[in-house]
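These are the residues of each chain, in order.
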Amino acid sequence: MHEQSLVKTLIDQVQEESRIRGLGRVHEVHLRVGEFSGIEPRLLESAFAEMAPAYWDTLVQLSVEVMPLTATCETCHEVFHVEGFHFVCPRCGGNVQVIAGEEMQLVSLRAERQAGCEEVSQ
Ligand SMILES: [Zn+2]
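Just so you know, these numbers come straight off a predicted model, no measurement behind them. (Residues numbered from 1 in each chain as written. Predicted model: local features only at pLDDT ≥ 70, side-chain atom pairs only at ≥ 80, totals over all residues.)

Visitor: Describe the overall build of the protein chain, listing the residues and the values that go with them.
Guide: In terms of helices and strands, the protein chain carries two helices and six strands. Seen in sequence order, the protein chain has helices and strands lined up from the N terminus as α-β-α-β-β-β-β-β. For 122 residues, the compact-globule estimate of 2.2 N^0.38 gives 14 Å, and the C-alpha radius of gyration of the protein chain, at 19 Å, exceeds that figure by more than 25%. Relative to its 122 residues, the protein chain shows a buried fraction of 16%. (Helix = DSSP H or I, 4+ residues; strand = E, 2+ residues; numbered from the N terminus. Rg over C-alpha atoms; globule rule 2.2 N^0.38 Å. Buried ≥ 20, exposed ≤ 12 C-beta atoms within 10 Å, placed from the backbone.)

This is the structure in structure tokens:
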């Protein structure tokens, strides 16, 4: 399944970021998914919920923000939201270039710091 390989990539990325930044337990992963990325947020969330327990022993929340499909006109440089997959400039009818809405991007992590959060057991 498409979403599962995306989630695997995402989990690798989260783990790498956590390692680099010395983070403790990850609580939440904030992701941006383009409207035109071909990714279904709901499927991504369920694949994540299914796969995450194999990597973390605590519950990690995935929050997905959908980014609108945005393009700019090559002629008049108008920036607009592409609706109905109509890839033509609404102002001058010129050719357009997509600038957002095709991406999958890890935005932020909410996590405990490695240091200072450890419970001292008796
Ligand atoms: Zn234009």
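Visitor: Give a description of the sheet that holds strand E1 (residues 23–34) that names residues and reports values.
Guide: Hydrogen bonds between backbone atoms are what pair the strands of a sheet, whose relative direction is either parallel or antiparallel. Reading across from one edge, E2-E1-E6 is the order of the three strands in this open sheet, with mixed pairing throughout. Across the chains shown, the open sheet's two edge strands, defined by having one partner strand only, are strand E2 (61–67) and strand E6 (104–113). Geometrically, the sheet is characterised by an average inter-axis angle of 20° between neighbouring strands, direction not taken into account. Strand contacts of helix H1 (residues 2–21): E1 and E6, with the helix running at about 45° to E6, the strand carrying the most contacts. Its contacts with the sheet put helix H2 (residues 41–51) on E1 and E2, and the angle it makes with E2 is roughly 165°. (Pairing = 2+ DSSP bridges. Axes fitted to C-alpha atoms, helices over the stretch in contact; angles between N-to-C directions. Contact = placed C-beta atoms within 7 Å.)

Visitor: Could you give me a rundown of the confidence of the model for the protein chain, with the residues and numbers involved?
Guide: The predicted model of the protein chain has a mean per-residue pLDDT of 90, with 92% of residues at 70 or higher. Counted against residues more than four places away or in other chains, residues 116–122, with its pLDDT under 50, gives two contacts. (pLDDT = per-residue confidence, 0-100.)

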